[in-house]
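If you want the building blocks of each chain, they are given just below.
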Amino acid sequence: MTRQERTGWLFSAPVLAIIALVFVLPTALALALSVTDYSIYALADWSNLEFVGLGNFVDLLSTPLFWRALGNTMLFAVLGVPMAIGTSLFVALLLNDATVRWKPLWRVLLFAPYVTSIVATAVVWRFLFNQRFGLINRALGAVGVAPIDWLGDPHTSIPAILIFVTWKIFGYNMIVFTAALSAVPVDLMEAARLDGASRWGRFRHVTLPAIGPTLLLATVMSVAGFLQIFAEPYVMTLGGPAQSTTTVLYFMFDEGFKWWNLGQANAVAFILFLMILAVTIIQTRIGRRHEWL
Amino acid sequence: MRTIVSTAAAALITALTIAPLAYMVVVSFMPRGESTTLPTPLWPSRWSLENYHELLVRRQFDGAWFDYRIVPALVNSIGVAAVSTALGLLLTVPAGYAFAKLRFRGRERGLQLLIASLVVPGQVAMLPLFLIFKELGLVNSYAGVILPSLAGIFAILFVRQATLAIPDEMLDAARIDGASEARIFRSIVLPLLTPIVVTLALFLFLGSWNDFLWPLIVLADQHLYTLPVAVAAIAREHAADGELMMAAAVVTTMPVLLLFLALQRYYLTGLLGGSIKG
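Under an unreviewed UniProt entry, the name given to chain A is Sugar ABC transporter permease, and the source organism is Sphingomonas ginsenosidivorax. Chain A has a UniProt comment under Subcellular location (unreviewed entry) that states "Cell membrane". According to the UniProt record, the Sequence similarities (unreviewed entry) comment for chain A is "Belongs to the binding-protein-dependent transport system permease family."

Okay, here's the thing in structure tokens:
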């Protein structure tokens, strides 16, 4: 073994061992447990553990709340991803304009919500969304909109949480897009301008292809992020009203750590994993077709 | 003219974004009950510290001590975040360097596995990890909170990416001069990586400080709660006490916001990959 070889292992083995213990091993176990009836009885004594094959998955398919959670999560992703990515891109484009002054200041302040605690800011937003005393309804009232019971109405609970999430995360993608926009070829942009291309035309044919890979990556990460939404409904609505904000991960948490149906909860975790994997593969395919990757 | 319009637009969006945080601070200084009067007040009638006092100071009620455990949770959070940051750096920085610059068997395979594992969401591992930690006696302990945060796959790749830019000739020259591998790492690589290490330290600290789901799962004892878990617990019981909850939110968000503002140069350039100027 060479000196480099020894050092290489010395430097990387400790962290690899931890990754194996807290990530690789449990992930493998998750698959194994998802085909068992691991519950509070097995927690007390392993001999109560039984193999149930695909039983957990079949059970889930006949659990209305699971379908509800799946639907809610999809709704979060379908509405949330365009909302979050669109806002980030819009602000990044605005800040990319050469005429804007004090850019570093705006950038730092717009990024600030991203570094705050989800729990603490969810508490703040729950307060802002209060039907009677919330600032949002007061602002809406000023333009003549009747008070909305944001978090108490199943129709507005998801939009309300999405407004909070978008507020919290758009700064991150804005910075990522800013970096990508700085790589848009200037001479190409000038040429398009001279050829009389419209603002939209220049965006569509010059900017978009240049930032395509970044846009794709941000979308992939955002989809994964929205599919894993948990803390926001946990703090703001407890999954309600009328289970309108119970997400897959929320369902998994309740199954696992409230009812101790760990076999069932692992099956949920696996379905979540497969969903994220599937969406990632589809998005990568689309990216390849457009030669963004 | 265009400068004014575009700058005003940027300022407006920024003001809207910062408004919830500003309002959080303002409400936290309102006298108890003021925020739930109509029309919703935008400014305290008088600046009051009673919410912070109630939240942070232990009081005696009917002969029993009572407090919201925010100060202990604050101390716990600082401790947990400091330890996970220090250990995280200790583990991932050398590993990132090894994956970038040291030739050893299994390196490529290891790297591929690390990248592949980024697709697996952490929540898949969470339930079995709880069972493993239960067997190991790590449930309801800080070791149980910290250990998973040390599996820094992203951190390793982040350090590796930055290390690739260091020229091989520099390291080889040191080797020919007879420097040991440990010495090369300490005296040449680490100084060059300082900005990256600071950036990573900030990422790790913020990640640990804001982490919620895993501490919620692994900590059962109230005395061990970290700040977000403690705040979520108070929020369940004191949802109606707007001013008190805003004070709790201020205590939770301000330390990291200030840390971020102080070190934003590192954080943002870390994200931007050094590609952006003013």
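Undergrad: Please explain the overall build of chain B as it appears in this structure.
TA: When helices and strands are counted, chain B shows 12 helices and 2 strands. Secondary structure elements in chain B, listed N-terminal to C-terminal, are α-α-β-β-α-α-α-α-α-α-α-α-α-α. In terms of overall size, chain B is more extended than a compact globule, its C-alpha atoms giving a radius of gyration of 24 Å where 278 residues would be expected to give roughly 19 Å. Counting only C-alpha atoms, chain B reaches 75 × 65 × 35 Å along its principal axes. Here chain B holds 278 residues, and the buried ones make up 53% of them.

Undergrad: Please clarify how the overall build of chain A should be interpreted in this entry.
TA: When you go through chain A residue by residue, the secondary structure sums to 13 helices and 0 strands. Its helices and strands in sequence order give chain A the pattern α-α-α-α-α-α-α-α-α-α-α-α-α, from N to C terminus. Over its C-alpha atoms, taken along the principal directions, chain A stretches across nearly 75 × 70 × 35 Å. Residues classed as buried in chain A amount to 54% of the 293 residues present. Restricting the contact set of chain A to residue pairs at least 6 apart, pairs at least 24 apart contribute 66%. Carbon and sulfur atoms make up 68% of the accessible area of chain A, which amounts to about 13300 Å² in all.

Undergrad: Help me out: how do you make sense of the layout of surface pockets in this one?
TA: Empty space among the atoms becomes visible once a probe the size of a water molecule is rolled across them. Looking at the second largest pocket, its volume works out to about 860 Å³. The wall of the second largest pocket is formed by 22 residues, among which A:Leu93, A:Asn96, A:Asp97, A:Met189 and A:Arg199 lie closest to the centre. The set of elements that each furnish at least two residues to the lining of the second largest pocket consists of helix H4 (64–96), helix H9 (186–194) and helix H10 (199–227) of chain A together with helix H1 (2–28) of chain B. A breakdown of the residues in the lining of the second largest pocket according to their chemical character gives 11 nonpolar, 5 polar and 6 charged.

Undergrad: Which parts of the structure should I look at to understand the environment of B:Phe133?
TA: If you trace the backbone, B:Phe133 turns up in helix H5 (residues 122–136). Counting along the chain gives 68 residues from B:Phe133 to B:Trp65, while the straight-line C-alpha distance between them is 33 Å. Ignoring sequence-local partners within four residues, the contact set of B:Phe133 consists of A:Val22, B:Leu138, B:Val139, B:Gly144, B:Leu147, B:Pro148, B:Trp214 and B:Val218.

Undergrad: What is the right way to look at the interface of chain B and chain A in this model?
TA: Accessible area lost upon the coming together of the parts serves often as the stated size of an interface. Chain B puts 95 residues into the contact, and the matching count from chain A is 90 residues. In this assembly, chain B packs against chain A so that about 8200 Å² is buried in total across both faces, 79% of it on carbon and sulfur atoms. On the chain B side of the contact with chain A, B:Val124, B:Leu127 and B:Leu131 bury the most area, a combined 8% of that side's loss. One can count 3 salt bridges joining chain B with chain A. Where chain B meets chain A, there are 16 residue pairs in polar contact (both at pLDDT 80 or more). In terms of residue count, the dominant contributor to the side of chain B that touches chain A is H1(B) (16 residues).

Undergrad: In this structure, what is going on with unusual backbone geometry? I would like to understand it.
TA: Excluding glycine, residues mostly have negative phi values, and the peptide bonds linking residues are mostly trans. Cis geometry is adopted by the peptide bond preceding A:Pro241, which originates at A:Gly240 and carries an omega value of -10°. Tracing the chain through its elements places A:Pro241 in the loop between helix H11 (231–236) and helix H12 (248–258). In this structure, A:Gln243 is a non-glycine residue whose phi angle is positive, near 60°. Mapped onto the secondary structure, A:Gln243 falls in the loop between H11 and H12. Its identity is not glycine, yet B:Asn140 carries a phi of approximately 65°, on the positive side. Relative to the assigned elements, B:Asn140 resides in the loop between H5 and helix H6 (142–149). B:Asn140 gets classed as partly exposed once you look at its relative accessible area, which sits at 29%.

Reading the values: rules and limits
- Residues numbered from 1 in each chain as written.
- Chains lettered and ligands numbered in written order.
- Predicted model: local features only at pLDDT ≥ 70, side-chain atom pairs only at ≥ 80, totals over all residues.
- Heavy atoms only, no water.
- UniProt positions renumbered as here; feature names shortened; annotations may be inferred.
- Helix = DSSP H or I, 4+ residues; strand = E, 2+ residues; numbered from the N terminus.
- Rg over C-alpha atoms; globule rule 2.2 N^0.38 Å.
- Buried < 20%, exposed > 50% of the residue type's maximum accessible area, 1.4 Å probe, protein only.
- Contact = heavy atoms within 4.5 Å.
- Areas by Shrake-Rupley, 256 points an atom, 1.4 Å probe, with all protein chains shown as cover.
- 1 Å grid on protein atoms, 1.4 Å probe; cavity = no way out; pocket = protein on both sides within 12 Å on 5 of 7 lines; lining within 4 Å.
- Points joined across faces, edges and corners; volume = space filled by probe spheres on them.
- Nonpolar A, V, L, I, M, F, W, Y, C, P; charged D, E, K, R; others polar.
- Buried area = accessible area lost by both parts, 1.4 Å probe.
- Salt bridge = Lys/Arg side-chain N within 4 Å of Asp/Glu carboxyl O.
- Polar contact = N/O pair within 3.5 Å; in protein donor to acceptor, adjacent residues only side chain to side chain.

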